[in-house]
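Architecture at a glance
Spelled out, the chains give:
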Amino acid sequence: MTDLILTPNIDGVDDFYAELIAAHEGLSKEDSDALNARLVLVLANHVGDREVLSQALKAAEK
């Protein structure tokens with residue numbers, strides 16, 4: 001069993017946040033939502049662990 005990491009765990013978090021915001025610049029709400037959905041699916045595929053993904057869904061619902 002792998003526990004979901006909910007504490008800060010990203011190197012260069014401010015740089016990543018800026019990159020994420022920049023990726024959404026100029027997009028319509030619909031295109032921005034689609035980008036977010038694709039990003040979630042890419043990252044979920046990378047994680048690959050269904051138990052961790054289920055934990056993440058539950059954490060995101062709160």
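We now turn to the structure provided with this report.

Rules behind the numbers
Residues numbered from 1 in each chain as written. Predicted model: local features only at pLDDT ≥ 70, side-chain atom pairs only at ≥ 80, totals over all residues. Heavy atoms only, no water. Helix = DSSP H or I, 4+ residues; strand = E, 2+ residues; numbered from the N terminus. 1 Å grid on protein atoms, 1.4 Å probe; cavity = no way out; pocket = protein on both sides within 12 Å on 5 of 7 lines; lining within 4 Å. Points joined across faces, edges and corners; volume = space filled by probe spheres on them. Nonpolar A, V, L, I, M, F, W, Y, C, P; charged D, E, K, R; others polar. Polar contact = N/O pair within 3.5 Å; in protein donor to acceptor, adjacent residues only side chain to side chain. Contact = heavy atoms within 4.5 Å. Buried < 20%, exposed > 50% of the residue type's maximum accessible area, 1.4 Å probe, protein only. Expected span 1.5 Å × (residues − 1).

Topic: the environment of Phe 16
Looking at the element boundaries, Phe 16 is found in helix H1 (residues 13–24). Along the primary structure Phe 16 and Ser 54 are separated by 38 residues, whereas in three dimensions their C-alpha atoms are 24 Å apart.

Things to note about the layout of surface pockets
Of the voids in this model, the largest pocket is the one considered here, and its volume is about 790 Å³. Leu 4, Ile 10, Leu 43, Val 47 and Ala 56 are, among the 21 residues lining the largest pocket, the residues nearest its centre. At the level of elements, H1, helix H2 (29–47) and helix H3 (50–61) are the ones that each hand at least two residues to the lining of the largest pocket. Its residues placed into classes, the lining of the largest pocket shows 19 nonpolar, two polar and no charged.

Some remarks on the side chain of His 24
Tracing the backbone shows His 24 in helix H1. In terms of polar contacts, His 24 uses its side chain to reach the side chain of Asn 36, at 3.1 Å. Apart from the residues lying within four places of it in its own chain, the contact partners of His 24 are Ser 32, Leu 35 and Asn 36.

With respect to the environment of Glu 19
Among the structural elements, Glu 19 can be located in helix H1. For Glu 19, a relative accessible area of 57% puts it in the exposed group. Note: C-alpha distance between Glu 19 and Asn 36 (17 residues apart in sequence) is 13 Å.

Notes on H1
Relative to the 16 Å expected for twelve residues at 1.5 Å per residue, H1 spans 17 Å between its end C-alpha atoms, a close match to the ideal helical length. With its phi angle positive at about 80°, Gly 26 sits one or two positions after the end of H1.

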